[in-house]
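Here are the chains, one letter per residue:
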Amino acid sequence: MKFIFGGRLIFGPDAKSLIVTVLLILVPIIVFCVLVARHLRHSFPSYNAGYAILVVAIVFTIYVLVLLLVTSARDPGIIPRASHPPEEEFCYESSVSVDGGRQTPSLQFPRTKEVIVNGVPVRVKYCDTCMLYRPPRCSHCSICNNCVERFDHHCPWVGQCIGLRNYRFFFMFVSSSTLLCIYVFAISALYIKILMDDHGTVWEAMKDSPAAVVLMVYCFISLWFVGGLTGFHSYLIGTNQTTYENFRYRADNRRNVFNRGCLNNFFEVFCSKIKPSRNNFRAFVQQEVPRLSMARTRDMEVEDTSGNPRAKVEDDLELGGDLLKISQRHNFEEVDEDIRSRGGNGQHHDNTLEADFVLGSDQQAPPAVRSEARHSSWGRRSGSWEISPDILAMNSAVTESRNCNT
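Residues numbered from 1 in each chain as written. Predicted model: local features only at pLDDT ≥ 70, side-chain atom pairs only at ≥ 80, totals over all residues. Heavy atoms only, no water.

Novice: Would you take a moment to explain the packing of helix H2 (residues 49–72) against helix H3 (residues 167–199) for this structure?
Specialist: Helix packing for two helices is described by the angle between their axes and how far apart those axes are. Where H2 meets H3, the closest approach of the two axes is 9 Å, and the angle between their N-to-C directions is 155 degrees. As far as their axial angle goes, H3 and H2 are roughly antiparallel. Here H2 and H3 pass one another in a crossing that is left-handed. Residues Ala-52, Ile-53, Val-56, Ala-57, Phe-60, Thr-61, Tyr-63, Val-64, Leu-67, Leu-68, Val-70 and Thr-71 of H2 form the contact with H3, whose participating residues are Phe-169, Phe-170, Met-172, Phe-173, Ser-176, Ser-177, Leu-179, Leu-180, Tyr-183 and Ile-187. (Axes fitted to C-alpha atoms, helices over the stretch in contact; angles between N-to-C directions. Helix = DSSP H or I, 4+ residues; strand = E, 2+ residues; numbered from the N terminus. Parallel < 35°, antiparallel > 145°, perpendicular 65-115°, else oblique. Left-handed = near helix turned anticlockwise from the far one by under 90°. Contact = heavy atoms within 4.5 Å.)

Novice: I tried to follow the environment of Leu-18 on my own but got confused; where do I start?
Specialist: Mapped onto the elements of the fold, Leu-18 is located in helix H1 (residues 17–35). Exposure remark for Leu-18: the relative accessible area of 11% places this residue in the buried category. Residues within four places of Leu-18 in sequence aside, it is in contact with Phe-11, Leu-68, Ser-72, Trp-157 and Val-158. (Buried < 20%, exposed > 50% of the residue type's maximum accessible area, 1.4 Å probe, protein only.)

Novice: Please clarify how the side chain of Thr-71 should be interpreted in this entry.
Specialist: Here Thr-71 lies in helix H2. For Thr-71, the side chain forms a polar contact with the main-chain nitrogen of Phe-170, separated by 3.4 Å. Here Thr-71 is in contact with Val-158, Gln-160, Ile-162, Asn-166, Phe-169, Phe-170 and Phe-173, once residues within four sequence places are set aside. (Polar contact = N/O pair within 3.5 Å; in protein donor to acceptor, adjacent residues only side chain to side chain.)

Novice: Is there a simple way to explain the pattern of salt bridges in this structure?
Specialist: Where charged atoms from two side chains of opposite charge approach closely, those side chains can pair. Taken as a whole and assessed by the stated rule, the structure comprises five salt bridges. Here Lys-193 ties to Asp-197 by a salt bridge, and the two come within 3.1 Å at their closest N and O atoms. Of the two residues, Lys-193 and Asp-197 both sit in helix H3, four residues apart, roughly one turn of that helix. For Asp-197, a relative accessible area of 51% gives the class exposed. For Glu-204, the salt bridge is made with Lys-207, and the minimal N-O distance between the two is 3.6 Å. Of the two residues, Glu-204 and Lys-207 both sit in helix H4 (residues 202–208), three residues apart, roughly one turn of that helix. Residue class for Glu-204 comes out partly exposed when judged on its relative accessible area of 32%. (Salt bridge = Lys/Arg side-chain N within 4 Å of Asp/Glu carboxyl O.)

Novice: I keep staring at the nonpolar core and nothing clicks. Help me out?
Specialist: The nonpolar side chains of a soluble globular protein tend to be buried, and buried together. Counting residues in each nonpolar core, the largest one holds 42 residues, and the members touching the most others are Phe-32, Val-36, Phe-173 and Val-184. At the level of elements, H1, H2, H3 and helix H5 (210–239) are the ones that each hand at least two residues to this core. It is H3 that contributes the most residues to this core, 14 residues altogether. What Val-36 contacts, discounting residues up to four positions off in sequence, is Val-31, Ile-187, Ser-188, Tyr-191, Ala-212 and Leu-215. (Core = buried A, V, L, I, M, F, W, Y, C linked by side-chain atoms within 4.5 Å.)

Novice: Where do I start with the packing of aromatic side chains in this structure?
Specialist: We describe a pair of aromatic rings using the distance from one ring centre to the other and the angle between the two ring planes. The full count for this structure, using the stated rule, is seven aromatic pairs. Seen in terms of ring centroids, Tyr-126 and Tyr-133 are 5.4 Å apart; in terms of plane orientation they differ by 65 degrees. Their pairing is edge-to-face. The same class applies to Tyr-126 as to Tyr-133, namely buried. Measuring from centroid to centroid gives 6.2 Å for Phe-266 and Phe-270, while their planes differ by 15 degrees, and the two rings are stacked. Here Phe-266 and its partner Phe-270 are both found in helix H7 (residues 262–270), four residues apart, which amounts to about one turn of the helix. The rings of Phe-171, Phe-266 and Phe-270 are connected pair by pair, giving a single aromatic cluster. Of note, Lys-113 hangs over the ring of Tyr-133, and the distance from its end group to the ring centre comes to 4.5 Å. (Phe/Tyr/Trp six-rings, centres within 6.5 Å; stacked < 30°, edge-to-face > 60°. Lys NZ or Arg CZ within 6 Å of the ring centre and 35° of its normal.)

Novice: Any chance you could explain the pairing of strand E6 (residues 120–127) here in plain terms?
Specialist: Regular strands have side chains that alternate between both faces of the sheet. Across six bridges, strand E5 (residues 112–117) lies against E6 in antiparallel orientation. Note on E6: the bridge partner recorded for Thr-112 is Lys-125. If you look at the hairpin formed by E5 and E6, you'll find two residues sitting between the two strands, and Asn-118 has a positive phi there, around 55 degrees. With two bridges connecting them, E6 and strand E7 (residues 132–133) associate as antiparallel partners. Looking across to E7, one finds that Cys-127 is bridged to Leu-132. Counted between consecutive antiparallel strands, the loop separating E6 from E7 contains four residues, among which Met-131 sits at a positive phi close to 55 degrees. (Pairing = 2+ DSSP bridges.)

Right under this line is the structure:
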């Protein structure tokens, strides 16, 4: 989308084609006013009716251009995109993995769901791009890359999608362009008739004003397009269909549940209040707060209740080092407890000798433990840690001493 004047005007991605449409309207009208209508100013002397031909052409052209601008520079009914899928629609089913046989939850997301329209169930689809369920009569435009309410079609001549909020102006633009073509064609033919009365033959009149002939040919060809669109969309309005629905329902032989009668259908398009835009294109973009999705929360719950503590221990190096220190301290405390529980001088002396044999003096034991604990962290490589051989030898000595005491 392209925004002009701070978001007051919203154009489609192919808005450059709008320049071609404006030229196709302005150039023939300028030729008509300069080479045809200017010569008819004095052809109708009563009440200066000749000037009215020129004024009507200019005013009518301005009206058509305004309708073109309103159709092209208006929000057609874009539905704002969601920042995340609708989590209330998630459902989980257990599935067994191939390698470990462990049951893990698999995310199931319904691609369609049904809503009731006029007492009839209508299936709506989920849009992967906008991450929402499209409302009824809504479709995703591949050119604008937006979901549009009551999507009719994407018109390359106006460079915008035609939807809920600009369909009325699009029909008025097409029908007004048809009337303008008829007006220019009729006045050009009248000018040829006046020239023929002066020159006597049609050929002489056409040679005297080739611009009028070219305008008649141009308007005749244009009438096949804008006139055909006017008739086709009149039929669509009378049956309360969109162009997209007309082709889709005709192919699928579906029932049109939105038809409320011809008169009510025209009243809905031209007399109903236009809904306000769902987007505030002039507002500043708000930074979204990062949130934890339901799928991730579910995975964390499964991981916590699985009873497998290996995953956290293997990945956390600092926790592994702390566990090593706690284990060493626990072994030495058990030896010290065993020595104190013996009691007596002789026994205490023997046990002290045994403890000194294993640990050395009391002053040296704690530094040795700290030194070896620090030394054990040197063996960490690529997310793993190894115990120093000296620590393993010390643990073996402690175990043997406990066996001897027993």
